[in-house]
Amino acid sequence: MTDFKDLGAGVDIEEIERFEKYNTANNPFVLRIFTKDEIEYCFNKKNYAAHLAARYCAKEACLKAVCSFGYEAVSYADFEVYHERNGAPEVRILNENLAEKVELKISLSHSKTNAVCYAIAHKKPFQLNYNKGEDEAYKNDYINNNFGEDLRKDVYGSAEI
């Protein structure tokens, strides 16, 4: 079961019309906010402004969701929106340090006038980093959650899981 302290939420809504002025892929704002793949995707669409607005919403919603955990120095450049084969929008965390700590899910939508994105962030469980030379058997048991029955009994109150 996930505690709410491990979840962050963010939402953003933007007027599509605001993005119509960014009508070239080499606009300084576009280059600062979006990745090469996002720019290519948006400008290959007839309604590029709607797609730019949706991706901007996604970045803003992800930023809000992640910052709810207290992380600082997070930027739009840390996130990239892409689509799975089935067309579902996904977000890739480009900042390796942040990607080790957080997972994100997004939902995008737009109408003729507005784009919106909801983002949910989940803190990943803490992972121990073992140094070489430590007991490999214990390390493997820990990684595979293969603790002895006595330890499980202490943690969960019963050996039946």
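Figured I'd write up the structure that's included with this text. (Residues numbered from 1 in each chain as written. Predicted model: local features only at pLDDT ≥ 70, side-chain atom pairs only at ≥ 80, totals over all residues. Heavy atoms only, no water.)

## So, the environment of A121
Line of reasoning, step 1. Structurally, the position occupied by A121 is in strand β5 (residues 114-123).
Line of reasoning, step 2. Here A121 falls in the buried class, since its relative accessible area comes to 0%.
Line of reasoning, step 3. Along the chain, A121 and L7 lie 114 residues apart, while their C-alpha atoms are 5.5 Å from each other.
Line of reasoning, step 4. If we skip the residues at most four places from it in the chain, A121 touches D6, L7, G8, A65, V66, F69, V102, E103 and L104. (Helix = DSSP H or I, 4+ residues; strand = E, 2+ residues; numbered from the N terminus. Buried < 20%, exposed > 50% of the residue type's maximum accessible area, 1.4 Å probe, protein only. Contact = heavy atoms within 4.5 Å.)

## Quick look at the packing of aromatic side chains
Line of reasoning, step 1. Scanning the model with the defined rule gives nine aromatic pairs in all.
Line of reasoning, step 2. With a centroid separation of 5.2 Å and 20° between ring planes, the pair formed by F43 and Y48 is classed as stacked.
Line of reasoning, step 3. Looking at Y48, the relative accessible area reads 18%, which means it is buried.
Line of reasoning, step 4. In this structure an aromatic cluster arises from ring pairing among F19, Y22, F29, F34, Y56 and Y76.
Line of reasoning, step 5. A cation over an aromatic ring shows up here: R18 above the ring of Y56, its NZ or CZ 5.4 Å from the ring centre. (Phe/Tyr/Trp six-rings, centres within 6.5 Å; stacked < 30°, edge-to-face > 60°. Lys NZ or Arg CZ within 6 Å of the ring centre and 35° of its normal.)

## Here's the deal with the nonpolar core
The tendency in soluble globular proteins is for nonpolar side chains to be buried side by side.
Line of reasoning, step 1. Counting 38 residues, the largest nonpolar core has F79, L104 and I106 as its most contacted members.
Line of reasoning, step 2. The biggest single contributor to this core is helix α3 (residues 48-67), with 14 residues. (Core = buried A, V, L, I, M, F, W, Y, C linked by side-chain atoms within 4.5 Å.)

## Comments concerning the sheet that holds β5
Line of reasoning, step 1. Pairing in this open sheet of three strands is antiparallel, and the strands run β1-β5-β4 from one edge to the other. Looking along the sheet, the strands with just one partner apiece sit at the ends: β1 (7-15) and β4 (102-110). With strand direction ignored, the average angle separating the axes of adjacent strands in the sheet is 15°.
Line of reasoning, step 2. Here β1 runs beside β5; their pairing, made up of nine bridges, is antiparallel. The residue of β5 that forms the bridge with D12 is C117.
Line of reasoning, step 3. Against the sheet, α3 makes contact with β1, β4 and β5, and its axis sits at roughly 150° relative to β1, the strand it touches most. (Pairing = 2+ DSSP bridges. Axes fitted to C-alpha atoms, helices over the stretch in contact; angles between N-to-C directions.)

## As for the pattern of salt bridges
Line of reasoning, step 1. One pass over the full model with this rule turns up five salt bridges.
Line of reasoning, step 2. Between E90 and K105 there is a salt bridge, with the nearest N and O atoms lying 3.4 Å from each other. Note that E90 is positioned in strand β3 (residues 89-93) and K105 in strand β4, a separation of 15 residues in sequence.
Line of reasoning, step 3. Residue classification places K105 among the exposed positions, given a relative accessible area of 51%. (Salt bridge = Lys/Arg side-chain N within 4 Å of Asp/Glu carboxyl O.)

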